[in-house]
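A structural walkthrough
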Amino acid sequence: STNTLASLHVKIATQVTWVRWHCGMKRNGSCLAIYRRWLPWHQLPVDAVLMQLGRAAELAGKKDDATRAFNRVVEEFPQSLYASDAKQKLAELKKA
């Protein structure tokens, strides 16, 4: 239902905000481990998970991991709402 989906998005947004804050504070690979362990991946669409992994990897300075995650969004989910964001992130990573 729409309410269930909205509720799930709020829960995810709260979790992602916390993990992003942690990643910003730590600036190391520990945030990737937190993403993999802490967020309920089984409840999320794969393209959303890949975007969050890409962002976490980027924050941790792991350019290759970020590139792989964003490439998967573009290649495996070209119709995704995240595809344009993933393309933009890839362009930014190439410039860096």
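Just above sits the structure.
First things first, this report covers the structure right here in the doc. (Residues numbered from 1 in each chain as written. Predicted model: local features only at pLDDT ≥ 70, side-chain atom pairs only at ≥ 80, totals over all residues. Heavy atoms only, no water.)

Bringing the nonpolar core into the picture now. One finds L50, M51, A57, A66, F70, V73, V74, A86, L90 and L93 forming the largest nonpolar core, which totals 10 residues. Tallying contributions element by element places helix α4 (residues 63-76) first for this core, with 4 residues. (Core = buried A, V, L, I, M, F, W, Y, C linked by side-chain atoms within 4.5 Å. Buried < 20%, exposed > 50% of the residue type's maximum accessible area, 1.4 Å probe, protein only. Helix = DSSP H or I, 4+ residues; strand = E, 2+ residues; numbered from the N terminus.)

Further remarks concern the packing of helix α3 (residues 46-59) against α4. At their nearest, the axes of α3 and α4 sit 8 Å apart, and the two run at 160° to each other. Between α3 and α4, the angle falls in the class roughly antiparallel. α4 is crossed by α3, and the crossing has left-handed handedness. Residues D47, L50, M51, L53, G54, R55, A57 and E58 of α3 touch α4, and the partners they reach there are D65, A66, A69, F70, R72 and V73. Per-class residue counts for the contact of α3 with α4 are 8 nonpolar, 1 polar and 5 charged. (Axes fitted to C-alpha atoms, helices over the stretch in contact; angles between N-to-C directions. Parallel < 35°, antiparallel > 145°, perpendicular 65-115°, else oblique. Left-handed = near helix turned anticlockwise from the far one by under 90°. Contact = heavy atoms within 4.5 Å. Nonpolar A, V, L, I, M, F, W, Y, C, P; charged D, E, K, R; others polar.)

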